[in-house]
Amino acid sequence: TLALAIRLLGHAGAGDLVVSPHVGRLVEGWFELQPRALSLSAENHDRMVAHTVVGLRPQRTPLVLQGGHPLSPFVGRERELVTLFDLLGRVQEGHGHVVGIVAEPGMGKSRLIYEFRQRLRGERVMYLEGHCLAYGSPTPYLPVLDLLRHMWGITDADSAEAMTAKVYTTLRACGMEPEAEAPYLLQLLGGRNGMDGLRMLTPEAIKLRTFAALRQLSLRSSQRQPL
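Rules of the game
- Here the residue index of a chain counts from 1 through its sequence in written order.
- In keeping with the predicted nature of the model, local features appear solely for residues at pLDDT of at least 70, side-chain atom pairs appear and are counted solely at 80 or more, and the whole-chain, interface and lining totals rest on all residues.
- By convention in this description, side-chain values take in all heavy atoms of the structure and omit both hydrogens and water.
- By nonpolar core we mean a set of buried residues, namely Ala, Val, Leu, Ile, Met, Phe, Trp, Tyr and Cys, connected to one another through side-chain atoms within 4.5 Å.
- Burial classes follow relative accessibility: with a 1.4 Å probe on protein chains only, a residue under 20% of its type's maximum area counts as buried, one over 50% as exposed, and anything between as partly exposed.
- Numbering goes from the N terminus for both helices and strands, where a helix is a DSSP run of H or I of at least four residues and a strand is a run of E of at least two.
- Contacts are assigned to residue pairs that have any heavy atoms within 4.5 Å of one another.
- The distinction between a cavity and a pocket rests on a 1 Å grid over the protein atoms alone: a 1.4 Å probe fits inside a cavity but cannot get out, while a pocket stays open yet meets protein on both sides within 12 Å along at least five of seven lines, and a residue with an atom within 4 Å of a point counts as lining.
- Grid points are joined across faces, edges and corners, and a volume is the space filled by probe spheres set on the points.
- Each Phe, Tyr or Trp ring (for Trp, its six-membered ring) is paired with any other whose centre lies within 6.5 Å, and the angle between the two planes then decides the class: stacked below 30 degrees, edge-to-face above 60, tilted in between.
- Only the stretch in contact is used when fitting a helix axis, every axis being a line fitted to C-alpha atoms; angles between N-to-C directions are given from 0 to 180 degrees.
- Orientation labels follow simple angle bins: below 35 degrees gives roughly parallel, above 145 gives roughly antiparallel, 65 to 115 gives roughly perpendicular, and whatever is left gives oblique.
- Working rule for handedness: look at the near helix, and if it is turned counterclockwise from the far one by less than a right angle, call the crossing left-handed; if clockwise, right-handed.
- Residue type decides the class: Asp, Glu, Lys and Arg count as charged, Ala, Val, Leu, Ile, Met, Phe, Trp, Tyr, Cys and Pro as nonpolar, and the leftover types, Gly among them, as polar.

Looking at the nonpolar core
Here is a general trend for soluble globular proteins: nonpolar side chains tend to be buried in one another's company. Grouped together as the largest cluster of nonpolar side chains are 22 residues, with contacts concentrated most on L148, W152, V167, L171, L189 and L217. If you list the elements that add at least two residues to this core, you get α5 (142-152), α6 (160-173), α7 (178-188) and α8 (203-224). The element best represented in this core is α7, accounting for five residues. With residues near it in sequence (within four places) discarded, L189 still touches L145, L148, R149, W152, I154, M163 and V167. By size, the runner-up hydrophobic cluster in this structure holds eight residues, among which are L81, L84, L88 and V125.

Points about the layout of surface pockets
The space that makes up the largest pocket amounts to roughly 1900 Å³. Lining of the largest pocket is provided by 48 residues; of these, Y127, L128, E129, L147 and L227 occupy positions nearest its centre. Of all the secondary structure elements, the ones that give two or more residues to the lining of the largest pocket are α3 (78-92), α4 (109-118), α5 and α8. With seven residues, the top contributor of residues to the lining of the largest pocket is α4.

Re unusual backbone geometry
What is expected of a backbone is that most residues other than glycine have negative phi and most peptide bonds are trans. Positive phi is not limited to glycine here, since Y141 has a value of about 60°. When you line up the elements, Y141 lands in the loop between α4 and α5. By relative accessible area, which is 36% here, Y141 ends up partly exposed.

A few points about the packing of aromatic side chains
Tallied over the full model, the rule gives two aromatic pairs. With a centroid separation of 5.0 Å and 65° between ring planes, the pair formed by F85 and F116 is classed as edge-to-face. Taken together, the residues F85 in helix α3 and F116 in helix α4 connect sequence positions 31 residues apart. Taking 5.9 Å as the distance between ring centres and 85° as the angle between the ring planes, the aromatic pair formed by Y141 and F211 counts as edge-to-face. Residue Y141 is located in the loop between α4 and α5, and its partner F211 is located in helix α8; the two are separated by 70 residues in the primary sequence.

Things to note about the packing of α6 against α7
Relative orientation of the contacting elements α6 and α7 amounts to 130°, with a least axis distance of 10 Å. As far as their axial angle goes, α7 and α6 are oblique. The interaxial crossing formed by α6 with α7 has right-handed handedness. Contacts from M163, T164, V167, Y168, L171 and R172 of α6 reach α7 at P178, E179, E181, A182, L185 and L186. Tallied by class, the residues present in the contact of α6 with α7 amount to eight nonpolar, one polar and three charged.

Pasting the structure below:
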């Protein structure tokens, strides 16, 4: 195992992340991978198909169907689904809700949400998804960033200009003023354009105005369709 890692390292250029075929199969639903045919050694001319990691896939979920393998039948959670759809009906009437789903690992929390989302197809509902990741704890507001990128269709391949354009378009569609609100949301996303007006503000003031912009974005988006 260690020898394979060393051989892969020998094929990695500056800034490259190269993974073995086995690891590639495990992470293919989460990351964009570029196949690379590599020789195992100078003496052995057999070749293996490793992968270079290009980036994260958008809207990742633990239940991405990998390799065409179907999920097992979904059974035993009809009561929970009925509860979620009852609450969705109240949301569609204008009453906001927060739902907590708690269970031991492996009991089907992610599968329940996956099935709920699948049954929303064709409904006039905006469904956004954000994740708390074990390796993401150093990133402030990571699940919120996920939600915003999902809402605006922002990908890792987008330039700063493309990201700014998507934010401005969405804010206008929600009836907000992009010139006033966009700088706070763009700095949250790591943008660098249009930040001049923020330099005179304290971090606390920026935080308060960012939260205010997020609240307005959520409220106005939910008025266009259930969110």
